[in-house]
Amino acid sequence: MDNAADFIAIRGLSKIFGEGSTGEVVALKNVNGTIRAGDFVSVVGPSGCGKSTLLRILAGLIDASSGNVSMGGQAIHGTRRDIGVVFQNSILLPWRTIIDNVMLPAEVLGLERKAARHRAYDLLAMVGLAGFEDKLPSQLSGGMQQRASIARALLHDPRILLMDEPFGALDAMTREQMNLELQRIWSESGKTIVLITHSIPEAVFLGNMVFVMTPRPGRLERTVAIELPRPRTMASMADPEFVARAQEIRALFNAAGALH
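Residues numbered from 1 in each chain as written. Predicted model: local features only at pLDDT ≥ 70, side-chain atom pairs only at ≥ 80, totals over all residues. Heavy atoms only, no water.

A.B. asks: Help me understand the side chain of Arg80, please; the structure alone is not making it clear to me.
C.D. replies: Structurally, Arg80 can be placed in the loop between strand E5 (74–75) and strand E6 (83–86). Residue class for Arg80 comes out buried when judged on its relative accessible area of 19%. At a separation of 2.8 Å, a polar atom in the side chain of Arg80 contacts the side chain of Asp82. Setting aside anything within four residues of it in sequence, one finds Arg80 in contact with Met71, Gln74 and Ala75. (Helix = DSSP H or I, 4+ residues; strand = E, 2+ residues; numbered from the N terminus. Buried < 20%, exposed > 50% of the residue type's maximum accessible area, 1.4 Å probe, protein only. Polar contact = N/O pair within 3.5 Å; in protein donor to acceptor, adjacent residues only side chain to side chain. Contact = heavy atoms within 4.5 Å.)

Here it is in structure tokens:
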């Protein structure tokens, strides 16, 4: 049995697409890892190593070929109300106001409308969008749209927030600001967060643990603990601890010949 502190346990996880066919692709092979409640885990690895596949399995969107993933001791099979997901694109409905976009999970899950609307306003304030509730997505910047998508993912109060390269389409300055905002949101919400990213500095800046994956078939090569104090600022990137952990992760990439 998994330790109670092992909020999410990944055991012997493998995923094969097109299994049994001549064109089968082994995306993940024998992945093992542990995520504790309240962790911020960043996942990095070369393109095509199965990072997004791992996140989709954690979200219950697809099943593993073998092995298992459990949360709180219960196997994850299919989507769950206690998991929220944020994708690279905000996927806001363009004809709905921001508040109505954030309210979407309440409609899908049948939550009590008055309480959900009150929570939606509170979440929009938490992500810095107070005063923008009645705007349409087209009236917001890309970064603001992603803040709205984070608020939407938190509306039903999930235990874990899964994020698949949520800032990948943003410019560098906006991305830095969103990193600061996400750190604050994590601190204030107390959620467990798993973030997929291609950026080593972003992974080190945000995570208290970094999962480093190998080239395909993806395996968990190493778990790197990040012990920088919080709250972190852009100046934290000059801290010797930050530099050392980033270099450690980059060396793992170089050893695999996978650094792009």
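Here the narrative resumes, following the displayed structure.
A.B. asks: Looking at this model, I keep getting lost on the pairing of strand E1 (residues 8–17). Mind explaining?
C.D. replies: Each regular strand carries side chains that alternate between the two faces of the sheet. Relative to strand E2 (residues 25–35), E1 runs antiparallel, the two sharing 7 bridges. For Phe17, the partnering residue across the bridge sits in E2 and is Val25. Sheet topology places E1 next to strand E4 (residues 66–71); 5 bridges connect them, and they run antiparallel. Its bridge partner being in E4, Ile8 is matched across the sheet by Met71. (Pairing = 2+ DSSP bridges.)

A.B. asks: I'm lost on the packing of aromatic side chains in this one. Help?
C.D. replies: The geometry of an aromatic ring pair is captured by two quantities: the separation of the ring centres and the angle between the planes. Tallying each qualifying case throughout the model produces 1 aromatic pair. Consider the rings of Phe40 and Trp186, whose centres lie 5.8 Å apart with planes at 80°: the pair is edge-to-face. With a gap of 146 residues between them, Phe40 in strand E3 (residues 40–44) and Trp186 in helix H6 (residues 172–189) connect regions that are remote in the sequence. Residue Phe40 is classed as buried on the basis of its relative accessible area of 0%. The class for Trp186 is buried, based on a relative accessible area of 13%. (Phe/Tyr/Trp six-rings, centres within 6.5 Å; stacked < 30°, edge-to-face > 60°.)

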